[in-house]
Amino acid sequence: MSTLAPLRLLREPSNASEGNHSNATVGAGGGWCQGLDIPNELFLALGLVSLVENLLVVAAILKNRNLHSPTYYFICCLAVSDMLVSISNLAKMLFMLLLEHGVLVMRPSIVRHMDSVIDTLICSSVVSSLSFLGVIAVDRYITIFYALRYHSIMTLQRAVVTMAIVWLASTVSSTVLITYYRSNTILLCLIGFFLFMLVLMLVLYIHMFALARHHLHSISSQQKPPTAHRGGSLKGAVTLTILLGVFFICWGPFFFHLILIVTCPTNPFCACFFSYFNLFLILIICNSVIDPLIYAFRSQELRRTLREVVTCSW
C-alpha cells in the first residue's frame, strides 16, 4: 500500500531529503523501521463503519425533538466531524488509488489543487473533531457545577454561536495550515492546540470525577449504617479512564509525530517513527468509530430513537 497521509506536512519532514530518510531507516534498525503495511481494505472498512455509526447519531438527534438541546447538538456536530474524517480519508485513498492505477488522468496542476482541497477537508474535520470534544467537556462541566443556571448559561443561541465559531475557525485554520505547511510555527500551533485540548479535558473530567466521588462519600456517611461507595467510585474511575485513555491513545501518536517533525526531522529513530504514520491514521479513524459509543450511544433516549431510525419508524 502506498503511504496514505492526510496532510502534506505529515508525509515526510520537509527538511529531510529522501537520501537522509533512507539512510536513517537503515541505520536505525532495519526491519523495525520498515513501517507497517496496512491494507486498503482496513481503511475502507473502518471508514464505512464510522460513517454509518455517525450518520445514525445525526439522524437520531434530528428525528427526536427531545434531543434538540445544546448538549445533543454538540454531540451531533462531533458526529458530523467524525463523518468528515472518514469521508475525507476515504476520498483521499480512492483518489490516490485511481491515480496510481491510471484510471484517473489529470494534469499535475489539477492533481495538486485536488490534493490541497482534500487535505484541507481532512485537516478541518480533525480540528473540528478535537474542538467539539473540548466543547462537550465544557458543556458537561457546566451541567454538573452550574446545574441550576445551565439553561441560562448554555442557551440555544449561545450553542449555535459556539458551533458556528468552531466550524469557521476549523476551516480558516486548516486553510492556513495547508497553505503554509512547511512552517514549523504552524506545526507548533497545531501541537499547542492538541495539548490545550488534552489539558482542558484532563482538568474538567478529573474535577467532575472528584465531585462525584465526594457526593457518593457524603451520601454514604449520612446513611445508618454507612454503606460502601467504592463501587460507584470504581465505575466513575473506569469511565474516566476509558474516556481520557481513548482520546490519548487515538490522538497522541499523531501529534507526537508532529512534535518529532519539528524537533528531530533527520534523526534515525525519529525516521523510524515516521514510517508508522499509517498506523497513526488508523487510530484517528478508530477514534471516529469509538466516539459514538462514548458520547452518544450511552443515552437511553438516543438508543431508543436509533432503533426507530434503523427500523424506519419515522
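Residues numbered from 1 in each chain as written. Predicted model: local features only at pLDDT ≥ 70, side-chain atom pairs only at ≥ 80, totals over all residues. Heavy atoms only, no water.

An unreviewed UniProt entry lists the protein chain under the name Melanocyte-stimulating hormone receptor, with Coereba flaveola as the source organism. As recorded by UniProt, the Function (unreviewed entry) comment attached to the protein chain reads in full: "Receptor for MSH (alpha, beta and gamma) and ACTH. The activity of this receptor is mediated by G proteins which activate adenylate cyclase." UniProt, in the comment section headed Sequence similarities (unreviewed entry), describes the protein chain in these words: "Belongs to the G-protein coupled receptor 1 family." (UniProt positions renumbered as here; feature names shortened; annotations may be inferred.)

Colleague: Where do I start with the overall build of the protein chain in this structure?
Modeller: A tally of regular secondary structure across the protein chain gives 12 helices and zero strands. Ordered by position from N to C terminus, the α and β elements of the protein chain give α-α-α-α-α-α-α-α-α-α-α-α. Expressed as a percentage of its 314 residues, the buried residues of the protein chain come to 43%. Put simply, 83% of the contacts in the protein chain that link residues at least 6 apart link residues at least 24 apart. (Helix = DSSP H or I, 4+ residues; strand = E, 2+ residues; numbered from the N terminus. Buried < 20%, exposed > 50% of the residue type's maximum accessible area, 1.4 Å probe, protein only. Contact = heavy atoms within 4.5 Å.)

Colleague: Would you take a moment to explain the packing of aromatic side chains for this structure?
Modeller: By convention here, two paired aromatic rings are described through the distance between centres and the angle between planes. With the rule as written, the count across this model stands at nine aromatic pairs. Seen from their ring centres, W251 and F254 are 6.3 Å apart, and the 90° between their planes marks the pair as edge-to-face. Separated by three residues within a single helix, W251 and F254 lie in helix 9 (residues 230-263), roughly one turn from each other. Of the two residues, W251 and F254, neither departs from the other in class, the shared state being buried. Members of the aromatic cluster, connected to one another through ring pairs, are F194, F247, W251, F254 and F255. (Phe/Tyr/Trp six-rings, centres within 6.5 Å; stacked < 30°, edge-to-face > 60°.)

Colleague: What is the right way to read the confidence of the model for the protein chain from this model?
Modeller: For residues with low pLDDT, the predicted coordinates do not support detailed interpretation. Within the protein chain, residue pLDDT values average 79, and 81% of them lie at 70 or more. Here residues 1-7 is a poorly scored stretch, pLDDT under 50, and it has 33 contacts once near neighbours within four places are set aside; other chains count. In the predicted structure, residues 227-233 sits below a pLDDT of 50 and forms 10 contacts with residues beyond four places in sequence or in another chain. (pLDDT = per-residue confidence, 0-100.)

Colleague: Teacher, can you tell me more about the pattern of salt bridges here?
Modeller: On inspection of all chains with the given rule, the structure shows three salt bridges. K63 is the salt-bridge partner of E308, the closest N and O atoms lying 2.8 Å from each other. Here the residue E308 occupies a position in helix 12 (residues 300-310), and K63 occupies one in helix 3 (residues 40-63), the gap between them amounting to 245 residues. Accessibility expressed as a relative area gives 22% for E308, which makes it partly exposed. For K63, a relative accessible area of 23% corresponds to the partly exposed category. One salt bridge connects R304 with E301, and the closest N-O pair in it is separated by 2.8 Å. Of the two residues, R304 and E301 both sit in helix 12, three residues apart, roughly one turn of that helix. Several salt bridges converge on common partners, so that one network encompasses K63, E301, R304 and E308. (Salt bridge = Lys/Arg side-chain N within 4 Å of Asp/Glu carboxyl O.)

Colleague: Teacher, can you tell me more about the UniProt feature "transmembrane region" (unreviewed entry) in the protein chain here?
Modeller: Sequence positions flagged by UniProt for "transmembrane region" (unreviewed entry) are, in local numbering, residues 42-62, 74-97, 117-138, 159-179, 185-212, 233-261 and 273-297. Secondary structure within residues 74-97 divides into 100% helix and 0% strand; the distance between the first and last C-alpha atoms comes to 35 Å. Across residues 159-179, the secondary structure splits into 100% helix and 0% strand, with the terminal C-alpha atoms separated by 30 Å.

Colleague: For this particular structure, what's the right way to read the packing of helix 4 (residues 70-100) against helix 11 (residues 277-296)?
Modeller: Between two packed helices, what matters for the description is the angle formed by their axes and the separation of those axes. Contact geometry for helix 4 and helix 11: axes closest at 10 Å, N-to-C directions at 155°. With respect to helix 11, the axis of helix 4 lies roughly antiparallel. The handedness of the crossing between helix 4 and helix 11 comes out as left-handed. Contacts from I75, L78, D82, V85, S86 and N89 of helix 4 reach helix 11 at L281, I284, I285, S288, D291, Y295 and A296. Here the residues of the contact of helix 4 with helix 11 sort into eight nonpolar, three polar and two charged. (Axes fitted to C-alpha atoms, helices over the stretch in contact; angles between N-to-C directions. Parallel < 35°, antiparallel > 145°, perpendicular 65-115°, else oblique. Left-handed = near helix turned anticlockwise from the far one by under 90°. Nonpolar A, V, L, I, M, F, W, Y, C, P; charged D, E, K, R; others polar.)

Colleague: I'm lost on the environment of V138 in this one. Help?
Modeller: Here V138 is to be found in helix 5 (residues 108-145). Put simply, V138 and M201 are 63 residues apart on the chain and 8.2 Å apart in space, counted from C-alpha to C-alpha. Every residue in contact with V138, bar those within four places of it in the chain, is listed here: L200 and L204.

Colleague: How do you make sense of helix 4 when you look at a structure like this?
Modeller: The α-helix advances 3.6 residues per turn, and as a result positions three or four apart in sequence lie on the same side. The end-to-end C-alpha distance of helix 4, which contains 31 residues, comes to 45 Å, matching closely the 45 Å that a straight helix rising 1.5 Å per residue would cover. The positive-phi residue at the C-terminal boundary of helix 4 is G102, with phi of around 75°. (Expected span 1.5 Å × (residues − 1).)

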